[in-house]
Amino acid sequence: MRAEFFIKSFCRIENGQVMFNGNTIFTTESEIFSNFSKETYRHFEISYPKFFKMDNLSKLAFLAAEIILKNENLDADKNNIALVFSNRASSLDTDRKHQKSIENSGSIFPSPAVFVYTLPNICLGEISIRHRLYSENSFFIFEKFNAEHLQLYAHNLLRTKKAEKVLCGWVEFDGDDYKAFLYLVEKNAEIPHTVQKIESLYYNE
Amino acid sequence: MSDLKQELKAKIIEQLNLEDVTISEIDDNDSLFGDGLGLDSIDALELIVMLDKDYGIRLSDPKEGKKIFESVQVMADYIEANRTK
C-alpha cells in the first residue's frame, strides 16, 4: 500500500558535520559549537546578521532549517510550512547562562538578550521570521527521540490541511553536545514517512 | 571623552554581537537604531543594563533610552554627566 505522506529531504548536524539527504555537505575540525556554527554560516553564504544574536539552540535549528528550506523556492510573502520540533534538554543551555547572571545577589545583571531565549520554542519563531512561515508550530520535550509523535502530529496537520508541508525533527543542545535532525514532510516525494524510516534516518542506519 | 567613545563602540559591538562591524565603521554621530546600526528593542534593553552595570547609571524610565542611545556621541555625553563609577 502506498504511503500517505513522504519525506522530501532531511538534514543532520552533529560533531562538526552537516549532512543533507545522507550526503556530507560541510565538515570542519572545530570542536566548539560557536566556531562551527560561524563557519557553517559563512560556508553556505547566509546573509542574516540576526543569526549572531541567537542562542546556540536557535543557531542550530536555524542552520538545519536553512539547508532544507533554501531548496524549496519559498514564496517571498507567505508560506504554510508547519514546524514540529522536539528535544530533551529544552532551552537548558541558555537557562544556565541566565541562572549564572542572577545567582550572585551582589551582582545581578541579567541579560535581556539571553533571557528572551529561555524557551525552546523561540527557535521556531526565528525560523518563521526568516522564511516567512505563517503556520502552526509546536515544540515538544521528550526523554528521547519520539518518531511516533512526530509522524502522528505531522500527519494530523497535513490531513486537516492546517499545513501544506511540515518541517519536523529533533534539535538538541546541552553543554558540549549538539544534534539537529530535521526533515520535510509533504504529499509528493519518495521516502515514506513511516516511524521505521524516520528512526532509521535519525539514527543514521 | 575620546577614550570613552572608543570604549562604548567596543562594548556595543561585543555585547550586542554585531558580527562584521568594526570600531572604525561606527561614526560618533551614527544613529544606533533605525537606518544606522540597526539595533532593535532587545538591544536597547541590553544597553540599559550596560549603563547600570558598567557606569552605575540606572534609568528609571526605559523610554529615556530613546534619547540617550541616539548615537555614541550622545551616549558618551550622558555617561560623562551622570556616571557614578
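Calculation criteria
Residues numbered from 1 in each chain as written. Chains lettered and ligands numbered in written order. Predicted model: local features only at pLDDT ≥ 70, side-chain atom pairs only at ≥ 80, totals over all residues. Heavy atoms only, no water. Axes fitted to C-alpha atoms, helices over the stretch in contact; angles between N-to-C directions. Helix = DSSP H or I, 4+ residues; strand = E, 2+ residues; numbered from the N terminus. Left-handed = near helix turned anticlockwise from the far one by under 90°. Contact = heavy atoms within 4.5 Å. Nonpolar A, V, L, I, M, F, W, Y, C, P; charged D, E, K, R; others polar. Buried < 20%, exposed > 50% of the residue type's maximum accessible area, 1.4 Å probe, protein only. pLDDT = per-residue confidence, 0-100. Salt bridge = Lys/Arg side-chain N within 4 Å of Asp/Glu carboxyl O.

Peer 1: Help me understand the packing of helix 1 (residues 2–15) of chain B against helix 4 (residues 72–82) of chain B, please; the structure alone is not making it clear to me.
Peer 2: Two packed helices can be described by the angle between their axes and the distance between those axes. Residues and elements named next belong to chain B. The geometry of helix 1 relative to helix 4 is characterised by a closest axis approach of 9 Å and an angle of 115° between their N-to-C directions. The handedness of the crossing between helix 1 and helix 4 comes out as right-handed. Together, L4, K5, L8, K9 and I12 of helix 1 and V72, Q73, M75, A76, I79 and E80 of helix 4 make up the contact between the two elements. Tallied by class, the residues present in the contact of helix 1 with helix 4 amount to seven nonpolar, one polar and three charged.

Peer 1: How should I be thinking about the environment of Q15(B) in this particular structure?
Peer 2: Residues and elements named next belong to chain B. Mapping Q15 onto the fold places it in helix 1. A relative accessible area of 34% places Q15 in the partly exposed class. Setting aside anything within four residues of it in sequence, one finds Q15 in contact with E46, M50 and D54.

Peer 1: Just to check I follow, could you spell out the confidence of the model for chain B for this structure?
Peer 2: The predicted coordinates ought not to be read in detail in places where the model reports low pLDDT. With 99% of its residues at a pLDDT of at least 70, chain B reaches an overall mean of 91. Mean pLDDT in chain B bottoms out at helix 3 (residues 65–68) of chain B, which sits at 88, and peaks at helix 4 of chain B, which reaches 95.

Peer 1: I tried to follow the pattern of salt bridges on my own but got confused; where do I start?
Peer 2: Pairing between side chains of opposite charge can happen when the charged atoms of each approach one another. For the structure on display, the rule yields 21 salt bridges over all chains. The salt bridge involving D20(B) is made with R42(A); its shortest N-O contact spans 3.4 Å. On the criterion of chain membership, the pair formed by D20(B) in the loop between helix 1 and helix 2 (41–55) and R42(A) in helix 1 (residues 33–43) is interchain, its members lying in two chains. Assessed through its relative accessible area of 56%, D20(B) is described here as exposed. Take R42(A): its relative accessible area is 38%, and that puts it in the partly exposed class. Linking R96(A) and D174(A) is a salt bridge whose minimum nitrogen-to-oxygen distance equals 2.9 Å. With R96(A) in helix 3 (residues 92–102) and D174(A) in strand 6 (residues 165–174), this residue pair connects regions lying 78 residues apart in the sequence. The class for R96(A) is partly exposed, based on a relative accessible area of 41%.

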